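Results of the structural survey
Each chain, letter by letter, is given below.
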Amino acid sequence: MVQVDQDLCIACGLCFSTHPDFFVLDTDGKAKAIKQVSTDEEKATVQEAIDNCPVGAISNIVVEESTPVETPIIGEAPIVIEEPVAPVAE
Ligand code: SF4
């Protein structure tokens, strides 16, 4: 997730002037990320902005989907399937 820490941003204009597809000048006078990366090329573009920001205000936090982990069930009783009881004829 591309983010700009607006407390750190000094509004130098570098990111939004060089990468206007990703950053804009927000109404509060600080840079704001407007797009997330979806390709390797976009990732490289944002990384360039991260590397060039003079105050380190830009970050790209990669959020990976968690993989479900199978938890072994310990001590569970076996499942017993009972046969239906046939009705008794009289
Ligand atoms: S390069 Fe950094 S300091 Fe400059 S406007 Fe962008 S986020 Fe703000």
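Residues numbered from 1 in each chain as written. Predicted model: local features only at pLDDT ≥ 70, side-chain atom pairs only at ≥ 80, totals over all residues.

Observations regarding the overall build of the chain
When helices and strands are tallied, the chain shows two helices and four strands. The N-to-C order of helical and strand elements in the chain reads β-α-β-β-α-β. Contacts in the chain between residues at least 24 apart in sequence constitute 51% of all its contacts with a sequence separation of at least 6. (Helix = DSSP H or I, 4+ residues; strand = E, 2+ residues; numbered from the N terminus. Contact = placed C-beta atoms within 7 Å.)

Here's the deal with the site of the ligand
Close to the ligand lie 14 residues; C9, C12, C15, A31 and C53 are nearest. Residues belonging to the shell around the ligand are distributed by class as follows: 13 nonpolar, one polar and no charged. (Near = placed C-beta within 6 Å. Nonpolar A, V, L, I, M, F, W, Y, C, P; charged D, E, K, R; others polar.)

Some details on the environment of Q36
You can see Q36 is positioned in the loop between strand 3 (31-33) and helix 2 (40-52). Residues Q36 and M1 lie 35 residues apart in sequence; the distance between their C-alpha atoms is 6.1 Å. If we ignore the near neighbours within four places in the chain, the residues touching Q36 are M1 and V2.

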